[in-house]
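If you want the building blocks of each chain, they are given just below.
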Amino acid sequence: MKTTSKLYRTEQRYAYLFIAAPVIGFLIFAMVPLIYSIYGAFTNWDGLGSMDFIGLENFINVFQDEYFYKSMFNTIYMMLGIPIGIVLALLLALALNRGIPGTNTFRVLYYIPVISSIAAISILWQWAYNGDYGLVNQFLALFGIEGPNWLQNTSTVKPALIIMAVWKGLGYTMLLYLAALQSVPKSFYEAAKLDGANAFKSFWHITLPMVKPVTFFIIVTNIIGGAQIFTEINVMTPTGGPEYSSASVVFYIWQKAFGNFQLGYASAMALVLGLFIFIITLIQFKINEKNSFELD
Amino acid sequence: MEVAVANKKSVKAEPMSEKKKNRITDAVVFIFLSFGAIFMVAPLLWMFSTSIKTREDVFALPPVWIPETISFAKYSEIWSMGPLLSGISNSLIVAVSVTVIGTFTSSLAAFAFSKLHFNGKNKIFMMLFASVMIPYPVLMIPQFIMFSSIGWVDTLLPLIVPGFFGNIFMIFFLRQFLTSIPNSIIEAAKIDGCSYFQIFYKIIFPLIKPAVAAQLILWFMGIWNDYLGPILYLNSPEKQTLQLVIANFNASYAIQSDYPLIMAASVVALLPMLIVFIVFQKQIIESIAISGVKG
């Protein structure tokens, strides 16, 4: 008994040693900044000297700041790309799941935008959206459509960013769906067929419920990522677009913090964004829980 | 005789028609996928095509995909037009040091979390994993102030040092992977007198190597392509990572509409990861697929 506990203690000592790095990293680079950030949000922190407690003032100002609302609206607007991407990716995955020749090549081709650097992709699309010589308008011209100057126009700059985001993320979502589709037992479809179900019915009653966990994963990760969109905006519309119509929340936080040194104010906005992400995720989990089912 | 043949045909008719129908659907699907693939790849080909054009060809209407005079001049020009070379070496320094050391600390921790017994194991793991929920914008301001107070702004250190402490996604993924390895191997090694570090080094690590490699590649790509971290910390041109360097190319040379130059620099920034992807596509695609199914 005594030896067991001694062995256990040795094992425990080594275990703590092995997990020490991530635990220390978590404390220094996540816990301390988080507490610092929460405290800073209640002060007039400017990074130079003053960090006086000012109560809820920053938060009150955030909710009266038209630029905050505008950047929040832009961020949510650009999330329209998420359902579009999901539908397209599922269609592609269904197409690839038929096992036609060239499946692997297609998979690789669709995945290339995913691994490409977002900065390079943003530069490329900025050029592609050029009103006179860009690839997009020249393609539209083939159909006799005269395209706008995409990034200089308040009504087209967000759709332009959405199209690019769908293009970039499609391969990743498709791959997740393909993996999910391949794990659906073939017997389910055979049984449905014997029961007289047509293709649409077996898609609706078998495929969709079976890929639901992946859909859930995709929605949650896409919303978390979409709420933090920054690089595309920074590279393609360095001033936040015409009339600030492409600025995202993170872009606005970044400008306030590192352009104007309103660190307290920026921290308050970041916390509001963090809370927004948290609540949306929580709602997602609740909906998912309610509609989930068990396989026997 | 003829009747018999006709009968035979009509007997086979039903399954044949379904096969045929399937084949037609397959063909339609193939065409649909090919069009899709063109849309996915065309912008990237356009990027390359622009980079080998002369300035006049860039503004040719209608556009040309293969210019009459193919010129690779921009690919030699870019190196003197901006700190591209130092950008590459800075990106490499960050990505290599973080992934090598971070992978070691992550896999060691994953080993402890899945195979060793200690108090509070699950609680500590859940605590670490909860940090995924904290969005980076919440942490970036205090982190910046922390690093600036010790004089690390405009150095690569703020991008490197946090990575040394491991990556929770990698720990999570390797921990999952390790559950498939029987505990009896570890018990046997203990009886043979292996120390815990030896167990990790001689038994566990070789077994999880393929999973570690896939995760390392994904992490490497993430760091190579990172933009927000570098733009916060790096100001001097010669300190910047490759992604910032090409963004600055874009900002400076777009006014002169030197698109071939900008695109050549972007191709250079994109190419290394493209090659890594093509070489390791099987491992990368597999580990992405697994992460989705298990996540």
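Residues numbered from 1 in each chain as written. Chains lettered and ligands numbered in written order. Predicted model: local features only at pLDDT ≥ 70, side-chain atom pairs only at ≥ 80, totals over all residues.

Engineer: So what exactly am I meant to see when it comes to the overall build of chain A here?
Structural biologist: Tallying secondary structure elements over chain A gives 14 helices and zero strands in all. Element order for chain A, N to C, with α for helix and β for strand: α-α-α-α-α-α-α-α-α-α-α-α-α-α. Expected size for 296 residues packed as a compact globule is a radius of gyration near 19 Å; at 25 Å, chain A overshoots this value by more than 25%. In terms of overall dimensions, chain A has C-alpha extents of about 80 × 75 × 35 Å along its principal axes. Out of the 296 residues belonging to chain A, those deemed buried represent 42%. Pairs at least 24 residues apart make up 69% of the contacts formed inside chain A by residues separated by at least 6 positions. (Helix = DSSP H or I, 4+ residues; strand = E, 2+ residues; numbered from the N terminus. Rg over C-alpha atoms; globule rule 2.2 N^0.38 Å. Buried ≥ 20, exposed ≤ 12 C-beta atoms within 10 Å, placed from the backbone. Contact = placed C-beta atoms within 7 Å.)

Engineer: Is there a simple way to think about the interface of chain B and chain A in this case?
Structural biologist: Interface size is often expressed as the accessible area that is lost when the parts come together. Residue-level contacts link 74 residues of chain B with 73 residues of chain A. No other element matches helix 1 (residues 2-51) of chain B, which puts 14 residues into the side of chain B that touches chain A. Here the side of chain B that touches chain A is built from residues that sort into 58 nonpolar, 15 polar and one charged. (Nonpolar A, V, L, I, M, F, W, Y, C, P; charged D, E, K, R; others polar.)

Engineer: Would you explain the environment of Phe188 of chain A in this entry?
Structural biologist: When you line up the elements, Phe188 of chain A lands in helix 9 (residues 186-194). Between the C-alpha atom of Phe188 of chain A and that of Arg13 of chain A, which follows or precedes it by 175 residues, the distance is 50 Å.

Engineer: I tried to follow the packing of helix 4 (residues 84-115) of chain B against helix 10 (residues 196-225) of chain B on my own but got confused; where do I start?
Structural biologist: Two quantities define a packed helix pair, namely the angle between the axes and the distance from one axis to the other. Residues and elements named next belong to chain B. Put simply, helix 4 and helix 10 touch, their axes get as near as 9 Å, and they point 140° apart. As far as their axial angle goes, helix 10 and helix 4 are oblique. When the axes of helix 4 and helix 10 are compared, the crossing they make is right-handed. Between helix 4 and helix 10, the contacting residues are Ser91, Val94, Ala95, Val98, Thr99, Thr103, Ser107, Leu108 and Phe111 on the first element and Phe200, Ile204, Phe205, Ile208, Val212, Leu216, Trp219, Phe220, Ile223 and Trp224 on the second. Tallied by class, the residues present in the contact of helix 4 with helix 10 amount to 15 nonpolar, four polar and no charged. (Axes fitted to C-alpha atoms, helices over the stretch in contact; angles between N-to-C directions. Parallel < 35°, antiparallel > 145°, perpendicular 65-115°, else oblique. Left-handed = near helix turned anticlockwise from the far one by under 90°.)

Engineer: Sorry if this is basic, but what is going on with unusual backbone geometry here?
Structural biologist: Both trends apply: most residues other than glycine have a negative phi, and most peptide bonds are in trans. Phi at Tyr244 of chain A takes a positive value of approximately 60°, unusual for a residue other than glycine. By the element assignment, Tyr244 of chain A lies in the loop between helix 12 (231-236) and helix 13 (249-258). With phi around 45°, Ser257 of chain B is a residue other than glycine that occupies positive phi space. Here Ser257 of chain B is to be found in the loop between helix 12 (242-253) and helix 13 (259-279).

Engineer: Hey, could you run me through the nonpolar core in this one?
Structural biologist: Nonpolar side chains in soluble globular proteins tend to be buried together. One finds Tyr177 and Met269 of chain A together with Ile246 of chain B to be the most contacted residues of the largest nonpolar core, which totals 153 residues. Ignoring anything within four residues of it in the chain, the contact list for Tyr177 of chain A reads Ala89, Leu90, Ala93, Val211 and Val214 of chain A. (Core = buried A, V, L, I, M, F, W, Y, C linked by C-beta atoms within 7 Å.)

Engineer: What should I look at first to understand helix 3 (residues 66-78) of chain A in this one?
Structural biologist: Every α-helix winds through 3.6 residues per turn, so residues three or four apart in the chain are directed the same way. Residue and element names in this part refer to chain A. Over its 13 residues, helix 3 extends 18 Å from the first C-alpha to the last, a length consistent with the 18 Å expected when each residue adds 1.5 Å. Along helix 3, the positions that sit buried rather than exposed are Phe68, Ser71, Met72, Asn74, Thr75 and Met78. When helix 3 is viewed along its axis, its buried side chains cluster within an angular range of 160° and face the same direction. Of the exposed residues in helix 3, the ones pointing more than 90 degrees away from its buried face are Glu66 and Tyr69. Looking at the packing, one finds that the buried side of helix 3 touches helix 2 (57-62), helix 4 (81-96), helix 8 (157-182), helix 11 (212-226), helix 13 and helix 14 (263-291). (Expected span 1.5 Å × (residues − 1). Arc of directions from axis to C-beta.)

Engineer: Whenever I open this one, the environment of Phe249 of chain B confuses me. Can you help?
Structural biologist: All names here are of chain B. Relative to the helices and strands, Phe249 resides in helix 12. Residue classification places Phe249 among the buried residues on the basis of 26 C-beta atoms within 10 Å. The contact partners of Phe249, leaving out residues within four places of it in the chain, are Gly82, Ile262 and Ala265.

Without other data, these values stay purely geometric and don't point to any function.
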